[in-house]
Structures are given as structure tokens and as C-alpha cells.
Amino acid sequence: MTRGRGIRRSAALAVALGLGLSGSLVAGPAGAEEKERPSVRWGTCPEDVAAEAAPVVLECGTVPVPKDYADPDGGRIELMISRLASTDPDKRRGTLMLNPGGPGGSGLSQPAFLANRGIPSEVLDTYDVIGMDTRGIGRSAPVACGFTPEGPYFANIPPYAVDDAAVTARAKVVKKVAEQCAERDKDGVLPHLTTANTARDLDRIRAALGEERTSFLGYSYGTALGAAYASMFPERSDRIVLDSNIGDTHLDRDGMRRFALGVEQTFPDFARWAAARHDSYGLGRTPAEVRRTYFTLAERLDEKPVDGFDGGMLRQITFSFLFKEVQYSKLAQLWQTMKSGGDAKNLRTLVARSGPADQKDGTADTPPSLDNQLSVFLAVSCNDVKWPTSVDTYRKGVAEDRARYPMFGAAAANILPCAFWPYARAEKPVAIDDDGPRNILLVQNLRDVPTPHVGGKLLRQKFADRSRLVSVDDSGHGVYVYGDNPCALNTTTRYLVDGKMPKMDAFCPAG
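For every chain, the first residue of the written sequence is number 1, and numbering continues from 1 along that sequence. Per-residue local features of the predicted model are confined to residues with pLDDT of at least 70, and side-chain atom pairs are confined, for both listing and counting, to 80 or more; whole-chain, interface and lining totals are unaffected and use all residues. Calculated side-chain values reflect all of the structure's heavy atoms, with hydrogen atoms and water omitted.

Comments concerning the confidence of the model for the chain
For residues with low pLDDT, the predicted coordinates do not support detailed interpretation.
So, step 1. For every residue, the pLDDT score states the predictor's confidence, bounded by 0 at the bottom and 100 at the top. Residues with a pLDDT of 70 or more make up 87% of the chain, whose mean pLDDT is 90.
So, step 2. We call two residues contacting when some pair of their heavy atoms lies within 4.5 Å. Across residues 19-34 the pLDDT falls below 50, and counting only partners more than four positions away or on other chains, this stretch makes 42 contacts in the model.
So, step 3. Across residues 355-367 the pLDDT falls below 50, and counting only partners more than four positions away or on other chains, this stretch makes 53 contacts in the model.

Have a look at this one:
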């Protein structure tokens, strides 16, 4: 095994989250896709999806969509979807489409994941719950740039840049990554992986299911997709729940930089937790001491990595383990081992045990592959919006955020392959449409690493009276079903089942 490869592979999985038309082309004629509407032929799901869903049994099928909506009569791709059907015809309202986040998360088993996690049975009676692999992911025309855990690009969050030279060095890496993606895009799918096109796919799926409207529940990047759908197809959207919002219909550089804000706001929860358990873990008797331990360990590993495990990797793993309190004990154990001078073998074992499945970006499934997941994240993020192309811009941003958000700012502001992305944007990002039904419920924890509370406030302002914001006094990524706040659970369930939207923005105290 390559030196450090085991650590890097586990760490890569832990931090992989876990976001062509002209501007005049939007939803398209209302009846265009209806005339050619395919019907879904349901059958058994692939073995791995069925195993992931057990004991819940899902049905799977495919829906054809244009590869390029600017050329709808050109090539097509097949999207695989899944269904957990309502068994109560008297209560069934329609379909509830899901998205687990990313961009790059597989969602085929997500209906079963939510059922197994305890989503109220009233929701399952009210809807046929629809999961899917969106375009480019898993079994829906998958793309791959050829990333490997031992290569220089093994996570979609940039590494922490200790100085200007580190940004310059990273720029050389990500420039080659962008070129590599273009070289391997033999089927020409990459430039058509956008949030707008995925929203158009949702509407094709809605039509194929024979529904006039569809409801939607999206987590993290799924909120950008849901916001895009509700804006492009307002009259075809039914009840929309956007959970852990990134703040717009796309992930841009400002959204990425907010990851560092999320770390600063969420870390105190871990610091209090660890301080209360100092006799067990020895990380500090006060939250301030725990914070100092973080910087001491990171700086020590910056100077002297342990078998490939450096300060940047410590920062990224800490970032991902702050997603849920259930991960705190694993994070404390890892820090304890490093603080006591534990060897590389112990570090590899601890990271491997702390697998990403329960803390990544709202995603219920194991990613189809690290390569596929990272490739989709890049394609969608880079295609959706224009990113700065000057390396100096990133050096300046890293310096600013290293001072403003010292725990993680120099990572979140670091340069991405989007700076060198070879594909021209075919259309502008989807604009939020506040002229439509009041049917958008925004749910947001006050403390959340990749989607800080400000993301919910931003969408609330943009959707205006179409939306209501439920702020939850909790920490972690994912609220509805993923969290354990009774007020948030009850408020969201009432809306999905009975359509009862809060009359005004609501606050849910810690439960």
C-alpha cells in the first residue's frame, strides 16, 4: 500500500460531501414533454440498492431525458429512480421527490433510509416517495474524471493553505484536474451537468409518473435543486421542504467560504462536549483549552506529518466529524491518539472505523464511487456559476479567511478546479422566483458546518412571502428525520401531510 494511502482514502470519503442553454431557455412549453411522456415500468432494484434499503422493499425504473435540453431531439440519457409507494389510496396525495445532497450523492435508497430512520408513517401514506440518481450519478449516465485516493485530488473540499505558496501549488494541481476531466469526457455529458438541467429532469420525471404537480424534500445541495425547481416550475411544485439550505440555487465561492463560518459556529458545541469529558479524553478542561488543542495538533502535523496524515487532513476530518454529535466521540478519540503521539497504524485504524456514511452531506447511500462523486460535484458546481479565474483572488481570499475564520478559512477559500474549468457556461444560474404559491418551508439548524443558518435566511429573503423559515436551536447537518428536535419534526410533518404552513417564521427551542 502506498505510504499514507489508507488514511487518505478514509479521510477522502469522510470529507466528500457531504451542490447547456441560453438564458432565454427556461422551463419550456408546458405541454412539450407531456406529448412524449414515457411511463415508468417498475421492477426490482439492483442488488446493492435492495441490500441498502432492507428491510424496506423498493421498486426501480428508468426515465429517458435529453442529454442537452438545448437540443431535445439529440441524444438521451437514462435516469434511474426508485419508489416507496403509498399503500393507502384514501390518504395518497401524490409524489414526494427526494434529493440527499452533494451534488454527487446517490439517492436511490433514500426513501428506504428515511423509512428505516423513522419518518412518520403519515408521510409514507400521503406520498409515493421517489428517490433517484440524478444525471451523472451512479446509474444515471455516470461520469468519471479518473480520481483516485492516492492521487493529488481526493476530496471536494480544498486543503488548508498554510501560506500563499500553498495556494500557488494547489493552483497547479487543480488546473491539471480540470484538464483531466475534459480529456475523459468522451460522451460529452459533463457540460450538461447543471442544477437547471437536473431541475428540468425532475419535471420530466413528474410527467412520467403522471402527476400534475410534485412535492419535494431536499437536503443541503438538494435545497439548491429544490429552489431551482420551485423557481422554474412554480405551478408544478406542490409542497416543498428545503432542509439545511446553502442559500441559493447553486454553490458558488461565497457559499464555499461559508463552510469556514459553519466550523466556527459549530465547533463550540464539540468543545463544550469534550471539556466535560476531559478526564476521559484529555483534550482540555474548558472549551478554550479544547480549541487551543486543535491548533496545537494541526500546527504540529503541518510541521511533521505522520505517515501522510498532515495538518490539512486533521482540519478536514474535524470539519466532517462536526456534522453530527454522534461523531464527537470518534473525533475526540482521534485527537487523543494524536495528542499522545500515537503511531500511524492507530491513526489509520481510527479513521477507517470512523466511516463517512453517517455524517456526510445528508446522503443516505454509499457513493457509487469516490471518483464519480467528486466528478459530479465539480461539474455541477463549475457549470452552474462563474468562478474567479485569477490565482491572486484566491490567495487574497485565503489570507482574509485565515484571519477571519482561523479554524478552516484557509481551506474553504482555497482554489478549486472551477478556476480553470474548460467548459463555457451555457446559461446563467437559475434566478429565485418569488412570484408563486406560498409552498416553500425552509428548515435550518442554528449551528451547521457546511450550511450555516445564514443560508436559510438568504433563501427566506429571496423567496419572500412564498416561504417560511423554521430555525432550530440545534447543532448538526440535517434537521427533518436526520435530527431529533420534536418541534422541527412536528412542524415539517404537519406541512407535508396537512399542508399547514407556519403563518410566520418559527423558532424551535432545543428539544
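Notes on the state of the cysteines
So, step 1. Only a pair of cysteine sulfur atoms within 2.5 Å counts as a disulfide in this structure description. Inspection of the entire model under this criterion finds four disulfides.
So, step 2. Between the sulfur of Cys145 and that of Cys181 lies a disulfide, 2.1 Å long from S to S. What sets the handedness of the Cys145 and Cys181 disulfide is the S-S torsion sign, and at about 110° it is right-handed. Within this pair, whereas Cys145 is found in the loop between strand S5 (127-132) and helix H6 (164-184), its partner Cys181 is found in helix H6, the two being separated by 36 residues in sequence. Here a helix means four or more residues in a row that DSSP labels H or I, a strand means two or more in a row labelled E, and each is numbered from the N terminus.

Examining the pairing of strand S3 (residues 76-84)
A regular strand places its side chains so that they alternate between the two faces of the sheet.
So, step 1. S3 sits mainly inside the fold: seven of its nine residues count as buried.
So, step 2. Only strands that DSSP links by at least two bridges are regarded as paired with each other. In this sheet, S3 lies alongside strand S2 (residues 59-66) in antiparallel orientation, the contact comprising eight bridges. The residue bridging Pro66 from the neighbouring strand is Arg76, located in S3.
So, step 3. Relative to S5, S3 runs antiparallel, the two being bridged by four bridges. Its bridge partner lying in S5, Ile81 is registered against Met132. In this scheme, a residue with accessible area under 20% of its type's maximum is buried, one over 50% is exposed, and one in between is partly exposed, where area comes from a 1.4 Å probe on protein chains only.

Comments concerning the side chain of His278
So, step 1. Tracing the backbone through its elements, the reader meets His278 in helix H10 (residues 278-281).
So, step 2. Overall, the relative accessible area of 18% leaves His278 in the buried class.
So, step 3. Setting aside residues up to four positions removed in sequence, His278 forms contacts with Leu283, Gly284 and Arg285.

Description of helix H4 (residues 110-117)
What sets the pattern is the α-helix's 3.6 residues per turn: residues three or four places apart point alike.
So, step 1. What H4 keeps buried is the set Gln110, Pro111, Ala112 and Leu114.
So, step 2. Looking at the packing, one finds that the buried side of H4 touches helix H3 (47-53), S3, strand S4 (94-99), S5 and strand S6 (214-219).
So, step 3. Downstream of H4 by one or two residues, Gly118 has phi in the positive range, about 110°.

Considering the sheet that holds strand S8 (residues 440-447)
So, step 1. Reading across from one edge, S1-S2-S3-S5-S4-S6-S7-S8-S9-S10 is the order of the ten strands in this open sheet, with mixed pairing throughout. The sheet terminates laterally at strand S1 (43-44) and strand S10 (506-508), the two strands that pair on one side only.
So, step 2. Relative to S8, strand S7 (residues 237-243) is paired through four bridges, and the arrangement is parallel. Bridge assignment links Ile240 to a residue of S8, and that residue is Ile440.
So, step 3. Geometry is summarised by axes, namely lines fitted to C-alpha atoms with helices restricted to the contacting stretch, and by angles between N-to-C directions that run from 0 to 180 degrees. Against the sheet, H4 makes contact with S3, S4, S5 and S6, and its axis sits at roughly 95° relative to S4, the strand it touches most.
So, step 4. Along the sheet, helix H18 (residues 453-463) makes contact with S7, S8 and strand S9 (467-475), crossing S9 at roughly 175°.

Things to note about the pairing of S8
So, step 1. Most of S8 sits out of view: seven of its eight residues are buried.
So, step 2. In this region the chain leaves S8, passes through H18 and returns to the parallel neighbour S9; the handedness of that crossover is right-handed. Whether a crossover is right-handed comes down to one check: with the strands pointing away from the viewer, does the path from the first strand over the helix to the second run clockwise; if it does, it is right-handed.

With respect to the pattern of salt bridges
So, step 1. We define a salt bridge as a side-chain nitrogen of Lys or Arg found within 4 Å of a carboxyl oxygen belonging to Asp or Glu. Per the counting criterion, the structure on display carries 25 salt bridges.
So, step 2. Two residues, Arg92 and Glu211, come together in a salt bridge whose shortest N-O distance is 2.7 Å. Of this pair, Arg92 sits in the loop between S3 and S4 while Glu211 sits in the loop between helix H7 (195-208) and S6; the two residues are 119 residues apart in sequence, bridging distant segments of the chain.
So, step 3. Across the pair Arg404 and Asp401 runs a salt bridge, and its minimum N-O distance is 2.7 Å.

Remarks on helix H19 (residues 486-498)
So, step 1. Taking 1.5 Å per residue as the helical rise, H19 with its 13 residues ought to reach 18 Å, and the 17 Å between its terminal C-alpha atoms agrees with that figure.
So, step 2. Regarding H19, the residues found buried are Ala488, Thr491, Thr492, Thr493, Tyr495, Leu496 and Val497.
So, step 3. By the N-cap criterion, in which a side-chain oxygen at the helix start approaches the backbone nitrogen of a residue two or three places on, H19 is capped by Asn485, the distance to Cys487 being 3.1 Å.
So, step 4. Gly499 lies just past H19 and shows a positive phi near 75°. One fewer than the residue count of a helix, multiplied by 1.5 Å, yields its expected span. Under this definition, polar contacts are N or O atom pairs within 3.5 Å; protein pairs additionally need one hydrogen-donor-capable and one acceptor-capable atom, and for neighbouring residues in sequence, both atoms have to be side-chain atoms.

Quick word on the side chain of Asn245
So, step 1. The topology assignment puts Asn245 in the loop between S7 and helix H9 (253-275).
So, step 2. A distance of 3.1 Å separates a polar atom in the side chain of Asn245 from the backbone oxygen of Leu242.
So, step 3. Not counting the four nearest positions on each side in its chain, Asn245 is found in contact with Thr223, Leu442, Val443, Gln444, Thr451, Pro452, Gly455, Gly456 and Leu459.

Focus: unusual backbone geometry
So, step 1. That bond from Ala54 to Pro55 is cis: its omega, 5°, falls within 30 degrees of zero.
So, step 2. Mapping Pro55 onto the fold places it in the loop between H3 and S2.
So, step 3. Omega for the peptide link from Gly102 to Pro103 comes to -10°, which places this bond in the cis form.
So, step 4. Along the chain, the position of Pro103 falls in the loop between S4 and H4.
So, step 5. Of note, the phi angle at Ser244 is positive, near 70°, even though the residue is not glycine.
So, step 6. Position of Ser244 among the secondary structure elements: in the loop between S7 and H9.
So, step 7. Phi is positive for Val481, which is not a glycine, with a value near 75°.
So, step 8. For Val481, the position within the fold is in the loop between S9 and H19.

Quick notes on the environment of Leu469
So, step 1. Along the chain, the position of Leu469 falls in strand S9.
So, step 2. Judged by relative accessible area, which is 5%, Leu469 ranks as buried.
So, step 3. Sequence separation between Leu469 and Gln444 is 25 residues, and the spatial gap between their C-alpha atoms is 7.6 Å.
So, step 4. Discounting residues that sit within four places of it in the chain, Leu469 has contacts with Leu442, Gln444, His453, Gly456, Lys457, Arg460, Asp505 and Ala506.

Overview of the packing of aromatic side chains
So, step 1. Only the six-membered ring of Trp is used, alongside the rings of Phe and Tyr, when aromatic pairs are assigned; centres must lie within 6.5 Å, and planes under 30 degrees apart are stacked while those over 60 apart are edge-to-face, with the rest tilted. Counted by the stated rule, this structure contains 18 aromatic pairs.
So, step 2. Note on Phe319 and Phe408: the rings are 4.7 Å apart at their centroids and 10° apart in plane angle, and the pair reads as stacked. Taken as a pair, Phe319 in helix H12 (residues 311-321) and Phe408 in the loop between helix H16 (391-404) and helix H17 (409-412) lie far apart in primary sequence, 89 residues in all. Both residues of the pair, Phe319 and Phe408, belong to the buried class.
So, step 3. Site record: aromatic cluster; members linked through ring pairs are Phe267, Phe270, Trp273, Tyr281, Tyr294, Phe295, Tyr328 and Trp335.
So, step 4. Either the NZ atom of lysine or the CZ atom of arginine qualifies as a charge over a ring when it sits within 6 Å of the ring centre and within 35 degrees of the ring normal. Directly above the ring of Tyr394 sits Arg253, whose terminal nitrogen or CZ lies 4.8 Å from the centroid.
So, step 5. Across from the ring centre of Tyr160, 3.7 Å away, lies the NZ or CZ of Arg315, which sits over that ring.

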